[in-house]
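The primary structure of each chain is shown beneath.
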Amino acid sequence: MSLLRLDRLHKSFNGQPVLTDISLEITEGQTVVLLGPSGCGKTTLLRLIAGLETADSGHIWFRGEDLSQRPVHQRGFGYLFQDYALFPHKNVAANVAFGLRMQGWPVEKQRPRVAELLALVGLPGFDHRPIHELSGGEQQRVALARALAPAPRLLLLDEPIGALDRALRERLLGELRSILKQAGTAVGQPVTAIYVTHDQEEAFALADELVVMNRGRIEQQGPPLELYRRPQSPFVARFLGMSNIFSGTWQADGQVQTPLGLLQTASWGAIGDPVTLLIRPEGAQVMPLDKDVPNGVRGRVVDISFRGRSQLLTLAFPDYTQSIQFNLDISIPLPPIDSPIHLWIDPLACWPLDTKTRN
Ligand code: ATP
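For clarity, every value in this text was computed on a predicted model and none was experimentally measured.

A.B. asks: For this particular structure, what's the right way to read the side chain of Q30?
C.D. replies: You can see Q30 is positioned in the loop between β2 (16-27) and β3 (31-35). When near neighbours in sequence (up to four residues on either side) are disregarded, Q30 contacts V191, T192, A193, D208 and E209.

A.B. asks: It is not clear to me how the environment of D329 should be interpreted in this structure. Could you clarify?
C.D. replies: Relative to the helices and strands, D329 resides in strand β18 (residues 320-329). Those residues in contact with D329, other than ones at most four positions away along the chain, are R309 and Q311.

A.B. asks: In this structure, what is going on with helix α4 (residues 107-120)? I would like to understand it.
C.D. replies: Because each turn of an α-helix spans 3.6 residues, side chains separated by three or four positions end up pointing in the same direction. Counted at 1.5 Å a residue, the expected span for α4 with its 14 residues is 20 Å, and the 20 Å between its end C-alpha atoms agrees. All of the buried residues in α4 are Q110, R113, V114, L117, L118 and L120. Along the axis of α4, the buried positions cluster into a sector of 150°, meaning they face one direction only. Every exposed residue of α4 that faces more than 90 degrees away from the buried side is listed here: E108 and R111. Where α4 terminates, the next one or two residues include G122, which has phi positive at roughly 80°.

A.B. asks: Help me understand the site of the ligand in this model?
C.D. replies: Taken together, F13, N14, V18, P37, S38, G39, C40, G41, K42, T43, T44 and E159 are the residues near the ligand. At a separation of 2.8 Å, an oxygen atom of the ligand approaches a polar backbone atom of G39. At 3.0 Å, a backbone N or O of G41 approaches an oxygen atom of the ligand. Top element by residues in the shell around the ligand is helix α1 (residues 42-50). It accounts for three residues.

A.B. asks: Explain unusual backbone geometry to me, please; I cannot follow it from the model alone.
C.D. replies: Residues apart from glycine generally show negative phi values, whereas peptide bonds are mostly found in trans. Positive phi outside glycine occurs at R8, with the angle close to 45°. Following the sequence through the fold, R8 ends up in strand β1 (residues 2-13). Even without glycine at this site, D338 takes up a positive phi of about 80°. With respect to the secondary-structure elements, D338 resides in the loop between β18 and β19 (340-345).

A.B. asks: What exactly am I supposed to notice about the domain arrangement of the chain here?
C.D. replies: Where interface size is given, it is often the accessible area lost as the parts come together that is meant. By the assigned domains, the chain splits into domain 1 (4-236) and domain 2 (242-352). Taking the mean C-alpha position of each, domain 1 and domain 2 sit 39 Å from one another. Approximately 550 Å² of surface area, both sides summed, lies buried where domain 1 meets domain 2, with 60% of it carried by carbon and sulfur atoms. In terms of surface lost to domain 2, no three residues of domain 1 exceed Y228, P231 and P234, which account for 73% of the buried area on that side. One can count four residue pairs in polar contact (both at pLDDT 80 or more) joining domain 1 with domain 2. Residue composition of the side of domain 1 that touches domain 2, by class: three nonpolar, no polar and two charged.

A.B. asks: I'm lost on the environment of G162 in this one. Help?
C.D. replies: Tracing the backbone through its elements, the reader meets G162 in the loop between β7 (154-158) and α6 (166-186). Taking the relative accessible area as the measure of exposure, G162 reaches 32% and is therefore partly exposed. For the pair G162 and Y228, spaced 66 residues apart in sequence, the C-alpha separation works out to 23 Å. Ignoring sequence-local partners within four residues, the contact set of G162 consists of Q82 and R169.

The rules behind these values
What you see as residue numbers is a count from 1 along each chain, following the sequence as written. In keeping with the model being predicted, local features are shown solely for residues with a pLDDT of at least 70 and side-chain atom pairs are shown and tallied solely at 80 or more, while totals for entire chains, interfaces and linings include all residues. Processing note: side-chain calculations cover all non-hydrogen atoms of the structure and skip hydrogens and water entirely. Numbering of helices and strands runs from the N terminus; a helix is a DSSP stretch of H or I covering at least four residues, while a strand is a stretch of E covering at least two. Every residue pair with non-hydrogen atoms within 4.5 Å of one another is taken to be in contact. Here, expected helix span is obtained from the residue count minus one, scaled by 1.5 Å. Using a 1.4 Å probe on the protein chains alone, a residue whose accessible area is under 20% of its type maximum counts as buried, one over 50% counts as exposed, and one in between counts as partly exposed. Comment: arc refers to directions from the helix axis out to C-beta atoms. A molecule or strand has a residue near it when one of that residue's heavy atoms lies within 4 Å. Any pair of nitrogen or oxygen atoms within 3.5 Å is treated as a polar contact; in protein, a donor-acceptor pairing is required on top of that, and neighbouring residues in sequence qualify only through side-chain atoms on both sides. Throughout the structure description, domain borders are defined by an automatic or database domain assignment. When two parts are put together, the accessible area they lose, computed with a 1.4 Å probe and summed over both, is reported as buried area. Polarity classes work like this: nonpolar for Ala, Val, Leu, Ile, Met, Phe, Trp, Tyr, Cys and Pro, charged for Asp, Glu, Lys and Arg, and polar for all others, with Gly in that last group.

As structure tokens, then:
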């Protein structure tokens, strides 16, 4: 059964629709990530769930109960926002114990719970440290421990690590998923979390279920890998970091005529129908220049940039203005900038962004 069910929510500000027809079911124990560009309504949706805003229409159900009459403080949800606002004059333990005190936990039970949470977020023994002595990342961990301590029925996180520097964000991100999963095990009740971000990397790292939003609507939702493999629109593909998108026309046997040439796909469409084709960035292999291969494209190297374990190759084609990018393993030798290059495109990497035309 779903823990939380959003049913056709609408919300406008000053006559401008900000959320349109939002329906979503969240299963207990899941981390659901709301991903979308700035201004698409993510925070507003979180605030509706929290009870900080009221929907114009639609319902929010929590374990079968309509939340519309239940004020914020009675919802039993935990929050962690970007400006996590710790109490600067209290020490770490007092900050983490805050929600426990509010809930009337006996003092003797507060202390072990605080210690348990500090261990979980990697700050064991930090109990008596003053807040102002902590680094940004440590403060963020304390804020997370504070939000998790009372074992909230639902944890709402709004860009909680957005303000940290890149290195810290990456480290905390790596730990956040296991913290969320383990925090539930400790109290014998899984943590269900809704996490808002505009960062695709964060979304992939954390989500059990990914919800991509665009202009106040849900554009697509599903497990992250499913969305990556089967984006349903150019918006979703681009937002998940895939920008090789071309207009083409279906030909016989699942081939598509594109500005790059005729490409074999693993799908099909009615001959002559238009199609928007995504070519995945990981779907190319370098071929010898003097050999023709099926599904080969020839272009010119425009740029090569190093991305950790891969290299991002940008190609240009004669008579075509749009370039295309591929991720290739760092071990693959590439010709220098401005040289001709020949690539084989994997048919499985050619994905029509139009649900009607797939196998
Ligand atoms: P960001 O990632 O920048 O925080 P978001 O996706 O969370 O963006 P929201 O903060 O939900 O987006 O805002 C959605 C739209 O609603 C924006 O255009 C914003 O200006 C508008 N908006 C939000 N709150 C209010 C308000 N209280 N009054 C008027 N307009 C608002």
